[in-house]
Amino acid sequence: MKISHIEHLGIAVKSIEEALPYYENVLGLKCYNIEVVEDQKVKTAFLKVGQTKIELLEATSPESTIAKFIETKGQGVHHIAYAIEDGVANALAECEEKGIRLIDKAPRKGAEGLSIAFLHPKSTEGVLTELCEA
Ligand code: ZN
């Protein structure tokens, strides 16, 4: 697979409203989009840092994986997302061939209309890894 850059870092927060002042008023970043992703039961807020983004993730339901993550690990970095130049489906096939455990067998639609898929942290040295493509 060909990775061009880190597309975004996903950060689990209890409340986007409470977290945003730190990012905007202290770090001086600007939130340009807030979006609910129904099938993932999350609300997301995006801020740009160069060509990389920070994706704040807030659970919209107690069943959300973000709610479970915060329950066990607390707020913090949740996943890293790489921008794939040559297709998420190709990258998934390559990962599967190399014995990587996939969370998503096929690309699906994520926030900002990106095509995304997750790799299991048990196969990625402990980091929940997202592959994405515009
Ligand atoms: Zn993400």
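Source: prediction; values computed, not measured.

Rules of the game
Residues numbered from 1 in each chain as written. Predicted model: local features only at pLDDT ≥ 70, side-chain atom pairs only at ≥ 80, totals over all residues. Heavy atoms only, no water. Donors = N, O, S within 2.8 Å, 3.2 Å for Na, K, Ca; no water. Helix = DSSP H or I, 4+ residues; strand = E, 2+ residues; numbered from the N terminus. Core = buried A, V, L, I, M, F, W, Y, C linked by side-chain atoms within 4.5 Å. Buried < 20%, exposed > 50% of the residue type's maximum accessible area, 1.4 Å probe, protein only. Contact = heavy atoms within 4.5 Å. Arc of directions from axis to C-beta. Polar contact = N/O pair within 3.5 Å; in protein donor to acceptor, adjacent residues only side chain to side chain. Pairing = 2+ DSSP bridges.

Student: I would appreciate a short explanation of the coordination of the zinc ion in the present structure.
Tutor: Those protein atoms acting as donors to the zinc ion are His8 (NE2), Glu55 (OE), His79 (NE2) and Glu130 (OE), and they sit at 2.0 to 2.3 Å. Mapping the donors of the zinc ion onto the primary sequence yields the spacing H-x46-E-x23-H-x50-E. Of this pair, Glu55 sits in strand β4 (residues 52-59) while Glu130 sits in strand β8 (residues 129-133), placing them 75 residues apart in sequence.

Student: Quick question: what am I supposed to make of the nonpolar core here?
Tutor: What tends to happen in soluble globular proteins is that the nonpolar side chains get buried as a cluster. Of all hydrophobic cores here, the largest spans 12 residues; its members are Ile11, Val13, Ile16, Ala19, Leu20, Tyr23, Leu29, Cys31, Ala45, Leu47, Ile54 and Leu56. Every element with two or more residues in this core is listed here: α1 (16-26), β3 (42-49) and β4. With residues up to four places along the chain from it excluded, the contact list for Leu56 reads Ile11, Val13, Ile16, Ala19, Leu20, Tyr23, Lys43, Thr44, Ala45 and Leu47.

Student: Whenever I open this one, α1 confuses me. Can you help?
Tutor: Owing to its 3.6 residues per turn, the α-helix brings residues three or four apart onto one side. Turning to α1, its buried residues number three or more, namely Ile16, Ala19, Leu20 and Tyr23. In a view along the axis of α1, the buried residues occupy a sector of 110°, so they form one face of it. When the buried face of α1 is taken as reference, the exposed residues oriented beyond 90 degrees from it are Glu17, Glu18, Asn25 and Val26. Each element contacted by the buried residues of α1 is listed here: β1 (3-12), β2 (31-37), β3 and β4. Regarding α1, its N-cap is Ser15, as a side-chain oxygen of that residue lies 3.4 Å from the backbone nitrogen of Glu17 further along. Once α1 finishes, Gly28 follows within two positions and takes phi at roughly 75°, a positive value.

Student: Any chance you could explain the sheet that holds β3 here in plain terms?
Tutor: Read across the open sheet, the eight strands follow the order β2-β3-β4-β1-β5-β8-β7-β6; overall the sheet is mixed. Only two strands of the sheet have a single partner each, and these edge strands are β2 and β6 (108-109). Note: strand β5 (residues 76-84) against β8, four bridges, orientation parallel. Bridge pairing links Tyr82 to Leu131 in β8.

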